[in-house]
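# Topology and contacts: notes
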Amino acid sequence: MVPYGDSYDELPAFIESLRSPGLEGAKADPNLTVPSLEDVLPLARPSLSAGEYSRLQQKGREAVARLSALARQLGWESIGVHSEEISHVLEQELYRVAITGRSRAGKSSLVNALVGRSICPVERVITTAIPIIIGPGEKESATIKYQPNGRPPLIFDGPISADMLAPYADQRHNRGNEKRVDCIEVRLGHQVLDLGVEYVDIPGFDDPSGRIWSATQETIGEAHALVLVLDVSSYESGGLTIDNATREVLERARDRECPVLVVCNKADKLSRADQEEAKLYVLESFDRFRLRTALVHGPFFMSTREVLEARARSGPVPRPFSTFEAALWERLWNTEAVGLRRLFRVFDALRVADEEVDALIAARRAKGRERERLLAAFARCQQDKARILETCRHNFHSLRQRTAALIEVRRGEHFHAIAEYIESLPAGSRVPLVSESVQALQERLIVACRSIIENVTPSVTTLREGAEKAVARTLSEFREEAGLSAQARHARATLGALGNWSEAVVLPDSGDGERMLKVTAAGGGAGLAVFFALANPVGLLAAAGVGFGVSVLVDVLTDRADSSATLRARIEEHANAAFTSFKQSVDAGIESFGRELAKQVHQRMRPFLNDMERRLETMREPTADEQRWHAEMRETTADALRVLEEVLGSSRAVSTLHPPTVV
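Residues numbered from 1 in each chain as written. Predicted model: local features only at pLDDT ≥ 70, side-chain atom pairs only at ≥ 80, totals over all residues. Heavy atoms only, no water.

### Brief notes about the sheet that holds strand 4 (residues 154-157)
Hydrogen bonds between backbone groups are what pair the strands of a sheet, and the pairing can be parallel or antiparallel. Cut-off, in case you're wondering: Whether two strands pair depends on DSSP finding at least two bridges between them. Only DSSP runs of H or I reaching four residues or more are called helices, and only runs of E reaching two or more are called strands; each is numbered from the N terminus. The convention used is that axes are lines fitted to C-alpha atoms, helices contributing only their stretch in contact, and that angles between N-to-C directions extend from 0 to 180 degrees.
Strand order in the open sheet formed by nine strands is 4-3-5-2-6-1-7-8-9, with mixed pairing between adjacent strands. The sheet terminates laterally at strand 4 and strand 9 (295-301), the two strands that pair on one side only. Strand-to-strand twist across the sheet, computed as the mean angle between neighbouring axes with direction ignored, equals 15°. The pairing of strand 1 (residues 95-101) with strand 7 (residues 225-231) spans five bridges and is parallel. Following the sheet pairing, Ile99 is matched in strand 7 by Val227.

Below, the structure is given as structure tokens:
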């Protein structure tokens with residue numbers, strides 16, 4: 001494998017040299033097969049090694065502990081804020097994917113297929129009694145955790161197998177969870193888990209045991225994403241149904257904006273035609289129960305039994321499973337919460353904190369013209385902050401106006417659809433009830449409002465990102481004017497060189513070739529404000545649209561219309577009220593988001609500017625203790641960055657003559 005770094009950068013030229021004669025006038029070998037650049041580039045990208053996530057997380061903890069100590073010792077507000085924010089993000093849970101569904105649907109088999117190992121017990125009868133959580137670890141192990149006031153944890157060293165866990169997880173050996181096991185935590189060295197991901201195999205939500213059902217509900221409620229497994233083998237005989245328990249789980253996921261992927265297992269029992277019919281039934285059921293917004297991918301029709309058999313003989317897995325894996329990986333990689341990407345941002349935040357300490361110490365010892373220069377830079381930074389806030393107010397005001405205009409366009413289009421509906425009614429036939437007509441047009445109304453949300457959301461995201469970049473750039477320029485040490489500049493170069501590392505990560509091959517997840521901005525560009533903790537714009541706007549008036553409940557006294565003209569007037573009245581309510585909700589949501597953004601801009605800039613102002617007011621040389629504390633923090637941070645560079649595999653940070661600008 002070609003090392004990722006300078007050699008990787010030279011690959012395009014190397015490939016081109018293969019296509020051209022080596023000497024002027026020489027002829028290329030006609031029998032030489034030259035690979036395409038697309039074929040060769042994936043081979044040059046590194047794979048993550050087992051245990052890297054845990055290793056990075058530990059280094060991050062050490063650096064944050066040193067930063068926290070420095071904040072306490074110096075009493076600087078901005079460093080204390082950085083310490084608290086980084087600690088919070090560092091200790092957040094891994095990105096948890098819960099595999100859920102009814103008993104015997106094939107949940108445990110799917111988890112085993114995902115990790116490529118037989119970890120979760122699989123039987124033909126109800127199996128899983130407690131959650132099995134599979135996450136990354138430097139060393140393979142399993143921990144049996146008991147409920148409060150129970151036995152101390154029981155720890156097994158690897159290799160871990162389903163037979164080892166069965167006495168605690170299998171209902172045959174632990175009926176109704178009579179052993180009072182809280183959960184089983186398994187730690188594996190696994191490339192996808194090392195991205196900061198956990199898979200959770202949970203008991204079926206139809207389990208009759210109240211104790212098990214309670215644990216299942218709690219696990220589902222904590223999941224970042226759900227994979228719903230349906231047994232479709234009984235579709236032909238009419239046994240496939242989205243029952244109340246399934247609906248309840250999906251409704252809760254939808255209400256808290258938890259993405260859902262649907263796997264239709266045991267599809268090998270159905271003909272191709274039956275699979276298509278079953279797919280249509282599942283999608284129609286999601287639409288009927290208004291659950292489609294939670295569904296991000298699928299349904300995927302497959303047989304986990306066939307996948308496990310392919311794994312056992314080291315053969316290529318069936319394409320339906322490969323397609324599901326690709327969709328799941330893409331979903332994970334697009335999510336900021338995925339652990340390794342989050343750790344990258346933690347390390348970048350440590351770099352920013354180190355720069356701020358440099359700048360504050362430099363400001364304290366500044367004299368004469370140097371002090372005047374810093375005071376002028378401080379005033380410019382304050383002016384930039386005011387401009388950023390004014391830009392936010394202007395941009396969100398403009399967005400509100402554009403959205404209001406778009407809603408009026410959609411209102412007009414819907415009224416035209418109402419007119420077409422009235423004209424399509426057979427002449428001389430009974431005039432439909434108002435409720436029937438509203439129901440017939442309801443989906444059009446929902447689609448119209450959904451299109452507005454989809455149109456506005458990218459604009460909100462763009463405005464947020466623009467403000468983030470402006471704040472980060474302003475503070476970065478100010479820190480640089482105050483003075484950065486050679487180590488701080490090297491850290492900038494290191495993080496800048498690793499800024500696109502996510503495109504270089506190879507995910508496991510499942511028999512369909514090496515899949516490269518090249519998602520726009522997947523690496524999260526070093527230098528953006530890491531802790532711009534704003535609400536999710538998609539969720540905020542979607543929440544604003546809840547209850548926007550598409551109910552078909554019509555007063556029984558006004559449900560009948562004596563003519564088509566009266567019917568049209570009643571439908572238009574209902575639609576008008578729905579659009580007006582929706583317009584008010586979305587406008588309030590955008591306005592609220594704009595206020596929150598302005599608040600976050602102020603909170604992000606205030607601590608450092610306040611500390612800098614105080615440093616500029618009192619000149620003195622740093623004490624020996626302050627210099628020692630800072631030196632200790634620098635050493636810890638530099639060590640953490642060396643590990644990050646080693647893990648993410650780039651030698652370019654030390655060889656780049658002109659490192660990219662990192663803000």
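### Here we look at the packing of aromatic side chains
Using the following cut-off: Pairing of aromatic rings covers Phe, Tyr and Trp, the last counted by its six-membered ring, and requires centre-to-centre distances within 6.5 Å; plane angles under 30 degrees mean stacked, over 60 mean edge-to-face, and any other angle means tilted. Burial classes follow relative accessibility: with a 1.4 Å probe on protein chains only, a residue under 20% of its type's maximum area counts as buried, one over 50% as exposed, and anything between as partly exposed. Criterion for a charge above a ring: Arg CZ or Lys NZ at most 6 Å from the ring centre, at most 35 degrees from the ring normal.
Using the criterion set out here, one finds six aromatic pairs in the structure. On the basis of an interplanar angle of 50° and a centroid distance of 6.1 Å, the ring pair of Phe378 and Phe478 is categorised as tilted. One end of the pair, Phe378, is in helix 14 (residues 368-424); the other, Phe478, is in helix 15 (residues 434-482), and 100 residues separate them in sequence. Judged on exposure class, the residue Phe378 and its partner Phe478 are both buried. With 5.9 Å between their ring centres and 40° between their planes, Phe396 and Phe593 make a pair best called tilted. Highlighted residues: Phe396 in helix 14 and Phe593 in helix 18 (residues 564-617), separated in sequence by 197 residues. Taken together, Phe300, Phe321 and Phe324 form an aromatic cluster joined through their ring pairs. Across from the ring centre of Phe289, 3.9 Å away, lies the NZ or CZ of Arg247, which sits over that ring. Its end group placed over the ring of Phe289, Arg288 keeps NZ or CZ at 4.8 Å from the ring centre.

### A short note on the pattern of salt bridges
In plain terms, the rule: We define a salt bridge as a contact between a side-chain nitrogen of Lys or Arg and a carboxyl oxygen of Asp or Glu at a distance within 4 Å.
According to the stated counting rule, one finds 42 salt bridges in the structure shown. Between Asp268 and Arg305 there is a salt bridge, with the nearest N and O atoms lying 2.6 Å from each other. On the criterion of sequence distance, the pair formed by Asp268 in the loop between strand 8 (260-265) and helix 10 (272-288) and Arg305 in helix 11 (residues 304-312) is long-range, its members being 37 residues apart. Among the residues examined, Asp268 registers a relative accessible area of 29% and is labelled partly exposed. On the accessibility criterion, Arg305 (41% relative accessible area) is partly exposed. When the shortest N-O distance is used, the salt bridge between Asp348 and Arg351 registers 2.8 Å. Of this pair, Asp348 and Arg351 both sit in helix 13 (residues 339-365), three residues apart, which is roughly one turn of the helix. Per residue, the accessibility class of Asp348 equals that of Arg351, and both read buried. Residues participating in the shared-partner salt-bridge network are Asp348, Arg351, Glu355, Arg479, Glu480, Arg489 and Arg492.

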